[in-house]
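Overview (structure and organization)
Take a look at the letters that make up each chain.
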Amino acid sequence: MSSRPASATPLAHPAPSTARPALIWTALIVVYLLWGSTYLGIRVAVESLPPLTSAAARFAVAAAVLALVLRLRRGPGSLRVDRRQLRSAALVGVLLLAGGNGLVVLAESGPAGKAVPSGIAALLVATVPLLVVLLRTLGGDRPRLWTFAGVGLGFVGLVLLVLPSGGSGTVPVVGALTVVAAALSWSVGSYLSGKIRMPADPFVATVYEMVAGAVVLAAIAVGRGELRGFSPGQVTGRSWAALAYLMVAGSLVAFTAYVWLLHHAPISLVATYAYVNPAVAVALGALFVAEPVTAQVLLGGAVIVAGVAVVVSTERPRRPVDGAAAEHSRR
């Protein structure tokens, strides 16, 4: 799971302006490919790196780089926030990165048969928009009927995906539940980010979210004893390369492209990452690490993606009345 901005769900952000189509599609392809590939990156990184330790290092380094860039470009006060904003960003960061990303990393680590394949993890995480709709409903919102239909369809796909089949491609139940818990944590963090007072600048918010997530991940990693007997010399070159890729490509480049898209492209187009990323992850997992793509994976994954597509398409902002500027909702 990538380090997306605090409210980076398909239902969250406005797109107040437009840009040249070539630039928009370039940014979209970056988000499609890089965020879709982060699941494979996690899978390779945890082959020889302690899982939560690697996740903590990823977000700590990404936060430091992003903070430095903001400091150099905007001056000394660029990261200034009040205590309430800091607490809010820290809470959201723990939910998104320690809970959401950390549980995905744990689910993808471990021996064959117990670790969740990267493509399956991406398909399970694709349920986040569906969970956000349920949280909105519990919060008093009234999504459209077709939105609920999409949620129902998505959860049917989830059941099909994890239903024991007895074959070699059966999804590990414990690992699958861990990823579902990760998706729930990510959904709660995304939902709360639209309800509590966050830093106004998403880049600044992300710095503090990454720092909070990294601190909690590091503390849990130490508590789990991940560093006992660990030696950097035991880590393979491909795991180091995968960690560096996650830091740069997943946490910085794709994030920047996504934030730019939110301000220059229609939200309905930007939101397509939610059902393109899983397809990219499944394809890359099969191609590079020979993850099985069974009929059950294809069917369950297709139904989940179809449900997410229905939710995304029915949650497009309504056109403004009287020609006034659109007042886009934030969940």
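Residues numbered from 1 in each chain as written. Predicted model: local features only at pLDDT ≥ 70, side-chain atom pairs only at ≥ 80, totals over all residues. Heavy atoms only, no water.

Describing the overall build of the protein
Stated precisely, the cut-off is as follows: Helix numbers and strand numbers start at the N terminus; a helix is a DSSP run of H or I with at least 4 residues, a strand a run of E with at least 2. Working definition: with a 1.4 Å probe on protein chains only, accessible area under 20% of the residue-type maximum means buried, over 50% means exposed, and in between means partly exposed. By definition, residues are in contact when any of their heavy atoms lie within 4.5 Å.
Check the secondary structure of the protein and you find 12 helices and 0 strands. Going residue by residue from the N terminus, the α and β elements of the protein occur as α-α-α-α-α-α-α-α-α-α-α-α. Burial analysis of the protein (331 residues in total) assigns 52% to the buried set. Pairs at least 24 apart in sequence give 90% of the contacts found in the protein among residues at least 6 apart.

Topic: the pattern of salt bridges
Just so we agree on the cut-off: One side-chain nitrogen of Lys or Arg within 4 Å of one carboxyl oxygen of Asp or Glu is enough to make a salt bridge.
Applying the stated rule across the entire model yields 7 salt bridges. The salt bridge involving R43 is made with E291; its shortest N-O contact spans 3.8 Å. A residue pair is termed long-range when its members are at least 10 positions apart, and R43 in helix 1 (residues 21-45) and E291 in the loop between helix 11 (273-289) and helix 12 (295-314) qualify at 248 residues. Of the charged contacts, one joins R197 and D82 as a salt bridge, the two residues approaching to 2.7 Å between their closest N and O atoms. Taken as a pair, R197 in the loop between helix 7 (173-193) and helix 8 (202-223) and D82 in the loop between helix 2 (51-74) and helix 3 (83-108) lie far apart in primary sequence, 115 residues in all. Among the charged side chains, a salt-bridge network with shared partners connects R43, E47, R238 and E291.

Observations concerning the packing of aromatic side chains
Our working definition: The aromatic pairing rule takes the rings of Phe, Tyr and Trp, using the six-membered ring of Trp, and pairs them if the centres are within 6.5 Å, calling planes under 30 degrees apart stacked, those over 60 edge-to-face and the rest tilted.
According to the stated counting rule, one finds 4 aromatic pairs in the structure shown. An angle of 85° between the planes, with centres 5.4 Å apart, marks the rings of Y258 and Y273 as edge-to-face. One end of the pair, Y258, is in helix 9 (residues 237-264); the other, Y273, is in helix 11, with 15 residues separating them in the sequence. Accessibility assignment for this pair places Y258 and Y273 in one class, buried. In textbook terms, an aromatic cluster arises when at least three aromatic residues are bridged by ring pairs, as seen for W35, Y258 and Y273.

So, the confidence of the model for the protein
Quick reminder of the rule: Per-residue confidence from the predictor is reported as pLDDT, a score between 0 and 100.
Summarising the model, the protein shows a mean pLDDT of 87, and 88% of its residues fall at 70 or more. Under a pLDDT of 50 for its full length, residues 5-16 has, in the predicted model, 58 contacts with residues more than four places off or in other chains. Every residue in residues 318-331 scores below 50 in pLDDT, and together they form 24 contacts with partners more than four places removed in sequence or on other chains.

A word on helix 4 (residues 118-125)
Counted residue by residue, helix 4 has 8 buried out of 8 residues, so it is predominantly covered. For helix 4, the full list of buried residues reads S118, G119, I120, A121, A122, L123, L124 and V125.

Regarding unusual backbone geometry
Phi is positive for A290, close to 55°, though the residue is something other than glycine. Relative to the helices and strands, A290 resides in the loop between helix 11 and helix 12. Among the residues examined, A290 registers a relative accessible area of 63% and is labelled exposed.

Focus on a nonpolar patch on the surface
Worth spelling out the cut-off: In this analysis, a patch consists of residues with relative accessible area above 30% that form no salt bridge, clustered at 9 Å for like charges and at 5 Å for the nonpolar side chains Val, Leu, Ile, Met, Phe, Trp and Tyr. In short, Shrake-Rupley with a 1.4 Å probe defines the accessible areas, and a residue's cover is counted only from the protein chains shown.
Judged by side-chain polarity, V61, V65 and V69 come together as a nonpolar surface patch covering roughly 190 Å² of accessible area. Following the sequence through the fold, V61 ends up in helix 2.

Digging into the environment of F59
In this fold, F59 is placed in helix 2. In this structure, the C-alpha to C-alpha distance between F59 and L217, residues 158 residues apart in sequence, is 9.5 Å.

Some words on the packing of helix 1 against helix 9
This is how the line gets drawn: Axis lines are fitted through C-alpha atoms, for helices just across the contact stretch, and the angle between N-to-C directions can take any value from 0 to 180 degrees. Should an angle fall under 35 degrees it is taken as roughly parallel, and over 145 as roughly antiparallel, whereas 65 to 115 is taken as roughly perpendicular and any remaining angle as oblique. Note: crossing handedness is left-handed where the near helix turns anticlockwise from the far helix by less than a right angle, and right-handed where it turns clockwise. Think of it as three bins: nonpolar holds Ala, Val, Leu, Ile, Met, Phe, Trp, Tyr, Cys and Pro, charged holds Asp, Glu, Lys and Arg, and polar takes everything else, Gly as well.
Axis separation between helix 1 and helix 9 bottoms out at 8 Å; the angle between their running directions is 150°. Considered as vectors, helix 1 and helix 9 are oriented roughly antiparallel to each other. Crossing hand, helix 1 versus helix 9: left-handed. Residues of the contact of helix 1 with helix 9, tallied by class, amount to 23 nonpolar, 6 polar and 1 charged.

Details of the side chain of S187
What counts is decided by this rule: Whenever a nitrogen or oxygen atom comes within 3.5 Å of another N or O atom, the pair is scored as a polar contact, on the condition that within protein one atom can donate a hydrogen and the other can accept it, and that pairs from neighbouring residues in sequence are kept only if both atoms are in side chains.
Here S187 shows up in helix 7. From its side chain, S187 meets the backbone oxygen of V128 in a polar contact 3.5 Å long. What S187 contacts, discounting residues up to four positions off in sequence, is V128, L131, V132 and L135.

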